[in-house]
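# Descriptive structure summary
Each chain, letter by letter, is given below.
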Amino acid sequence: MPTFHLDDTPIEFEPGENILPAALRAGIEIPHYCYHPGLQVTAQCRQCLVEVTDMGNGHGIPKLQTSCSTPIADGMKVSATSEKAVWGQTVVNEFLLVNHPLDCPICDQAGECDLQNFAFKYGSGQSEMDYEKRVYGWREVGSFIVLERNRCIQCSRCERFSRDIVGSHDFGSFLRSHELTFDTFEDAQITHKFQGNLSDICPVGCIMNRDWRFKKRAWMLNKTRTVCPTCSTGCNVTIEHHDNRVFRIKPRENPEVNRWWMCDEGRLNYTYLNNRRDRILEPLARVKGELRSARWEAIYQAIGHRLQEIGAQGGQVLGLVDTHATNEELYLMRQLLREGFGSEALHFPYRLGAQQEQPPRPLADPFIFTLITTDKSPNTAGALKAGLIGDSDDKRLKAALKAPPKVAFVMGTPFVDDDGVRQAVAKAELIVHIGTFRSAWMELADVVLPGYTYAEKWGTFVNKADRVQRIQPAIKPPEDAEDPLRILASLLELLGNEQSHAAAREVFDAMGQQAGPFQGLSWDAVGELGTPLIGNGAPQASA
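Summarised in this report is the structure supplied together with it. Quick caveat: nothing in here was measured; it's all calculated off a predicted structure. (Residues numbered from 1 in each chain as written. Predicted model: local features only at pLDDT ≥ 70, side-chain atom pairs only at ≥ 80, totals over all residues. Heavy atoms only, no water.)

## Regarding the sheet that holds strand β11 (residues 222–227)
Taken together, the 3 strands give an open sheet; going across it, the order is β11-β12-β13, and neighbouring strands pair in antiparallel fashion. With one partner strand each, in any of the chains shown, β11 and β13 (245–251) form the two edges of the open sheet. Strand-to-strand, the axes of this sheet are offset by a mean angle of 30°, without reference to chain direction. (Pairing = 2+ DSSP bridges. Helix = DSSP H or I, 4+ residues; strand = E, 2+ residues; numbered from the N terminus. Axes fitted to C-alpha atoms, helices over the stretch in contact; angles between N-to-C directions.)

In structure tokens:
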């Protein structure tokens with residue numbers, strides 16, 4: 001590959017690439033505001049000025065150049081730290097601060113603000129301004145975003161996202177010179193489903209997420225990499241939390257899944273993680289028709305004793321799971337039914353998802369609309385690959401329930417809204433429910449075993465594109481709850497099947513050593529960004 005030198009550091013580049021993205025890829029910082037890898041280049045903020053001392057032909061460029069828009073030539077020599085370049089960066093930074101208010105103590109962007117960071121590193125530390133700053137009010141411009149125009153530095157990221165990515169043309173530039181401002185047209189409200197991305201890409205505190213506003217300082221948050229469970233797209237996200245409470249979810253860059261974006265539904269679907277009122281906090285057993293708390297050891301002993309009394313085998317034992325269960329949980333649940341009872345009756349609600357249609361906006365990026373599907377579960381593809389029984393109208397399950405089961409294991413909330421299914425399962429002599437929140441299944445269960453949410457455990461999901469991706473714990477579960485993998489392993493031990501795999505890594509590696517869709521994969525191979533299923537793993541379930 002051809003190379004150029006940035007402050008004596010050789011950097012390889014792709015033909016046609018500009019200086020700034022090549023520098024950032026090499027881990028070299030050049031201050032910038034308007035540049036974003038997912039948006040068109042406008043060179044609007046002028047902060048990324050560099051000095052080109054040699055164009056590769058022995059001649060330099062007299063004027064400073066914006067590195068985000070300057071193409072690289074083989075043998076080019078560039079400096080971002082020369083006296084001339086630093087002077088340019090300092091002057092531009094001072095200009096951008098002319099009208100910016102001293103809001104840092106009350107601004108929610110403080111601690112992750114590009115202007116704050118670059119002003120500290122590249123600013124002059126003084127101002128020559130001797131007139132009043134311009135002042136605008138703030139207002140809500142969408143269902144949950146707030147516009148504080150006093151802080152705007154005219155980077156135009158909001159306008160370019162609205163125009164080129166969503167195609168909605170919500171934002172535009174108004175007036176000129178000192179009075180230049182970015183705002184929604186005719187004070188209109190933003191209605192598209194990707195509003196939160198405007199807050200993400202705003203380099204200052206101009207566009208803020210109202211749901212996050214005045215809740216917590218950014219530097220106090222711990223950030224855990226995981227996957228959004230709101231639909232089958234599986235957007236890569238970070239859960240941001242403090243004191244065992246989730247405060248926000250933000251997209252994490254993954255070029256193969258969601259790039260830099262996510263939808264608003266996934267972004268706002270975190271409040272239930274903080275819900276302790278409806279959480280199942282301890283194991284429960286039904287005594288004389290009433291659920292009472294019990295110790296784990298006593299619960300397992302009672303289940304083992306009851307299973308011996310019933311003596312159910314084969315089709316008399318039914319398993320129901322939803323597709324919020326991880327691949328590892330599905331694997332152990334299937335083992336529980338197969339090895340413990342000789343049963344293959346493991347059903348899941350298969351709901352074929354449809355892609356959201358792109359609005360008739362010719363300038364929009366079609367990719368962003370692929371992030372939203374009607375399949376509102378993260379692991380439908382995983383259940384299909386594992387060969388569980390599922391069909392779009394639940395015919396096979398309803399046929400099996402014509403002869404009510406003697407024992408039923410229910411994980412999550414599958415078929416919870418289907419009265420016919422629940423009434424048929426209610427006839428079982430023993431119902432064991434593994435869940436996290438109160439539901440209609442809890443009211444029917446003889447035993448309730450509290451599990452973990454996706455934000456409290458390790459595991460993997462398979463998204464709609466057959467990509468395996470990892471989740472990991474961000475917050476601590478309730479003290480008396482248990483990892484569903486350990487629950488299933490304990491149930492297997494009750495039936496005399498010694499289960500050595502009770503951790504997600506161990507279970508996944510065991511899956512990779514067996515014939516099936518995960519064959520040849522390992523936990524480490526999945527990595528932080530996931531990996532495609534080898535050979536795409538053909539679906540085995542009924543469609």
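## A closer look at the pattern of salt bridges
One pass over the structure, following the stated rule, counts 27 salt bridges. Where R351 meets D394, a salt bridge forms, and the shortest distance between an N and an O atom there is 2.9 Å. Linking R351 in the loop between β17 (346–347) and α9 (366–369) with D394 in the loop between α10 (380–385) and α11 (395–400), this pair joins segments that are 43 residues apart in sequence. Note on R351: relative accessible area 38%, which makes it partly exposed. Exposure remark for D394: the relative accessible area of 7% places this residue in the buried category. D419 serves as the salt-bridge partner of R422, at 2.2 Å between the closest nitrogen and oxygen. Separated by 3 residues within a single helix, R422 and D419 lie in helix α12 (residues 419–425), roughly one turn from each other. In this structure, a network of salt bridges that share partners links the residues E112, K223, E240 and R248. (Salt bridge = Lys/Arg side-chain N within 4 Å of Asp/Glu carboxyl O. Buried < 20%, exposed > 50% of the residue type's maximum accessible area, 1.4 Å probe, protein only.)

## Brief notes about the sheet that holds strand β21 (residues 459–462)
Here 3 strands make up an open sheet; going across it, the order is β21-β22-β23 and the pairing antiparallel. The outermost strands of the open sheet, each flanked by one partner alone, are β21 and β23 (531–532). For strand β22 (residues 467–471) and β23, the ladder comprises 2 bridges, and the chain directions are antiparallel. Across the sheet, V468 pairs through a bridge with T531, a residue of β23.

## A word on the state of the cysteines
Overall, the coordinates contain 0 disulfides when judged by the stated rule. With no disulfide partner, C231 has as its closest neighbouring cysteine sulfur the one in C263, 6.0 Å distant. (Disulfide = S-S within 2.5 Å.)

## What to know about helix α4 (residues 157–165)
Counting buried positions along α4 yields 8 of 9 residues, so the element is predominantly enclosed. Contacts made by the buried residues of α4 are with β8 (171–174), β9 (181–184), α5 (196–201), β10 (207–209) and α9. Where α4 ends, the next residue or the one after it, G167, has phi of about 75°, a positive value. (Contact = heavy atoms within 4.5 Å.)

## Thoughts on the nonpolar core
Y33, F161, F194, L198, I207, W261 and I368 are the most contacted members of the largest nonpolar core, which has 57 residues in total. If you list the elements that add at least two residues to this core, you get α2 (83–96), α3 (114–122), β7 (145–148), α4, α5, β12 (236–242), β13 and α9. A domain split of this core shows at least three residues from each of domain 1 (3–95) and domain 2 (284–532). Look past the residues within four positions of W261 in its chain and what remains in contact with it is H36, G38, L39, F161, I165, N197, I201, C235, P251, I368 and L371. Membership of the second largest hydrophobic core comes to 49 residues, among which are Y300, F341, A504 and M511. (Core = buried A, V, L, I, M, F, W, Y, C linked by side-chain atoms within 4.5 Å. Domains from an automatic or database assignment.)

## So, the environment of M208
Take M208: it is sitting in strand β10. What makes M208 buried here is its relative accessible area of 2%. For the pair M208 and E140, spaced 68 residues apart in the sequence, the C-alpha separation amounts to 9.5 Å. If near-sequence neighbours (up to four positions away) are discounted, M208 is found in contact with D108, Q109, F144, I145, V146, R151 and S199.

## Quick look at the packing of helix α8 (residues 327–341) against helix α15 (residues 504–512)
Closest axis-to-axis distance for the α8/α15 pair is 9 Å, and the angle between their directions is 70°. It follows from the interaxial angle that α8 and α15 lie roughly perpendicular. In the crossing of α8 with α15, the sense of the turn from one axis to the other is left-handed. Where α8 abuts α15, its residues N327, E328, Y331 and L332 lie against A504, V507, F508 and M511. Among the residues making up the contact of α8 with α15, the classes are represented as 6 nonpolar, 1 polar and 1 charged. (Parallel < 35°, antiparallel > 145°, perpendicular 65-115°, else oblique. Left-handed = near helix turned anticlockwise from the far one by under 90°. Nonpolar A, V, L, I, M, F, W, Y, C, P; charged D, E, K, R; others polar.)

## Topic: the packing of aromatic side chains
Enumeration according to the criterion identifies 14 aromatic pairs in this entry. Both rings, one in W296 and one in Y300, keep their centres 5.6 Å apart while their planes meet at 35°; by these two values the pair is tilted. Here W296 and its partner Y300 are both found in helix α7 (residues 296–310), 4 residues apart, which amounts to about one turn of the helix. Given the relative accessible area of 16%, W296 is considered buried. For Y300, a relative accessible area of 13% gives the class buried. Seen from their ring centres, F508 and F518 are 5.8 Å apart, and the 70° between their planes marks the pair as edge-to-face. In this pair, F508 sits in helix α15 while F518 sits in the loop between α15 and α16 (523–526), placing the two residues 10 residues apart along the sequence. Each member of the pair, F508 as well as F518, is classed as buried. Through a chain of ring-to-ring contacts, three or more aromatic side chains come together here, namely W458, F508, F518 and W523. The ring of W138 has R213 sitting right over it, with the charged end atom 4.7 Å from the ring centre. (Phe/Tyr/Trp six-rings, centres within 6.5 Å; stacked < 30°, edge-to-face > 60°. Lys NZ or Arg CZ within 6 Å of the ring centre and 35° of its normal.)

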